[in-house]
Amino acid sequence: MNVRISTAARQAMLALAAADPTREVCGLLFGTDGVIESVEATRNVAANPCLNFEIDPVALIAALRAERAGGPPVVGYFHSHPNGLSRPSPTDIALAAPDNRLWIILGTTLTAWRSTPSGFVQIVLN
């Protein structure tokens, strides 16, 4: 499966990661199943944001409520890996809900994954 990402969404994520290269930045992806149209940065509320990420639950709940009220659909999440690895970490794998949402990971490259019941599956970004 391929997923298209808008130039603006890609540039926004890369800028966020570059602005804070020692911490895992994170946020939400909005669009449709096949297109990421926009992103929203959220606070990383993890105990150690240099090693892990946890999307601020207040921001996530607000986005899901807005979606139910007719706002843009939340299609997934993004976060950066300051160590440069562009694949799911063991922590990502252990904590990801198998909900078929998209995950974008920013390391030395930008990669996309889908969290499925059988594990992470890499997705081609266009």
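Because the structure is a prediction, the values reported are computed rather than measured. (Residues numbered from 1 in each chain as written. Predicted model: local features only at pLDDT ≥ 70, side-chain atom pairs only at ≥ 80, totals over all residues. Heavy atoms only, no water.)

Things to note about the pattern of salt bridges
Okay, step 1: Under the defined criterion, the tally for this structure stands at three salt bridges.
Okay, step 2: Put simply, Arg 23 and Asp 20 hold a salt bridge, and the shortest N to O gap is 3.4 Å.
Okay, step 3: With relative accessibility at 31%, the residue Arg 23 sits in the partly exposed group.
Okay, step 4: Residue classification places Asp 20 among the partly exposed residues on the basis of a relative accessible area of 26%.
Okay, step 5: Among the ionic pairs, Asp 56 bridges to Arg 43, the shortest N-O distance being 3.5 Å. Here Arg 43 lies in the loop between strand E3 (35–42) and helix H2 (57–68) and Asp 56 lies in the loop between E3 and H2, a separation of 13 residues in the sequence.
Okay, step 6: With relative accessibility at 12%, the residue Asp 56 sits in the buried group. (Salt bridge = Lys/Arg side-chain N within 4 Å of Asp/Glu carboxyl O. Buried < 20%, exposed > 50% of the residue type's maximum accessible area, 1.4 Å probe, protein only. Helix = DSSP H or I, 4+ residues; strand = E, 2+ residues; numbered from the N terminus.)

Let's talk about the packing of aromatic side chains
Okay, step 1: Within this structure, the stated rule accounts for three aromatic pairs.
Okay, step 2: Ring geometry for Tyr 77 versus Trp 103: centroids 6.1 Å apart, planes at 80°, classification edge-to-face. Of the two residues, Tyr 77 sits in strand E4 (residues 74–80) while Trp 103 sits in strand E5 (residues 102–106), which places them 26 residues apart along the sequence.
Okay, step 3: By relative accessible area, Tyr 77 is classed as buried at 15%.
Okay, step 4: An angle of 85° between the planes, with centres 5.1 Å apart, marks the rings of Trp 103 and Phe 120 as edge-to-face. Highlighted residues: Trp 103 in strand E5 and Phe 120 in strand E7 (residues 119–125), separated in sequence by 17 residues. (Phe/Tyr/Trp six-rings, centres within 6.5 Å; stacked < 30°, edge-to-face > 60°.)

Some remarks on the environment of Gln 122
Okay, step 1: Secondary-structure assignment places Gln 122 in strand E7.
Okay, step 2: The exposure class of Gln 122 is partly exposed, given its relative accessible area of 48%.
Okay, step 3: Sequence separation between Gln 122 and Leu 16 is 106 residues, and the spatial gap between their C-alpha atoms is 22 Å.

Here we look at the environment of Ile 36
Okay, step 1: With respect to the helices and strands, Ile 36 occurs in strand E3.
Okay, step 2: Separated by 40 residues in the primary sequence, Ile 36 and Gly 76 have C-alpha atoms spaced 8.9 Å apart.
Okay, step 3: Those residues in contact with Ile 36, other than ones at most four positions away along the chain, are Val 3, Arg 4, Ile 5, Ser 6, Ala 9, Leu 29, Phe 30, Val 75, Leu 102 and Ile 104. (Contact = heavy atoms within 4.5 Å.)

Side note on the nonpolar core
Okay, step 1: The biggest cluster of nonpolar side chains holds 17 residues, and the ones touching the most others in it are Met 13, Leu 29, Ile 36 and Ile 104.
Okay, step 2: Listing elements by their share of this core, those giving two or more residues are strand E1 (2–5), helix H1 (7–19), E4, E5, strand E6 (110–116) and E7.
Okay, step 3: Leave out the neighbours within four places in its chain, and Met 13 touches Ile 5, Leu 29, Val 39, Phe 78, Ile 104, Leu 106 and Leu 110.
Okay, step 4: Counting residues in hydrophobic clusters, the runner-up holds 13 residues, among them Ala 63, Ala 96, Trp 103 and Ile 105. (Core = buried A, V, L, I, M, F, W, Y, C linked by side-chain atoms within 4.5 Å.)

So, H2
Okay, step 1: Over its twelve residues, H2 runs 16 Å from end to end, which matches the ideal 16 Å to within 8%, given 1.5 Å per residue.
Okay, step 2: The N-capping residue of H2, defined by a side-chain oxygen 3.0 Å from the backbone nitrogen of Val 58, is Asp 56.
Okay, step 3: With its phi angle positive at about 105°, Gly 70 sits one or two positions after the end of H2. (Expected span 1.5 Å × (residues − 1). Polar contact = N/O pair within 3.5 Å; in protein donor to acceptor, adjacent residues only side chain to side chain.)

In short, shape yes, function no, at least from these values alone.
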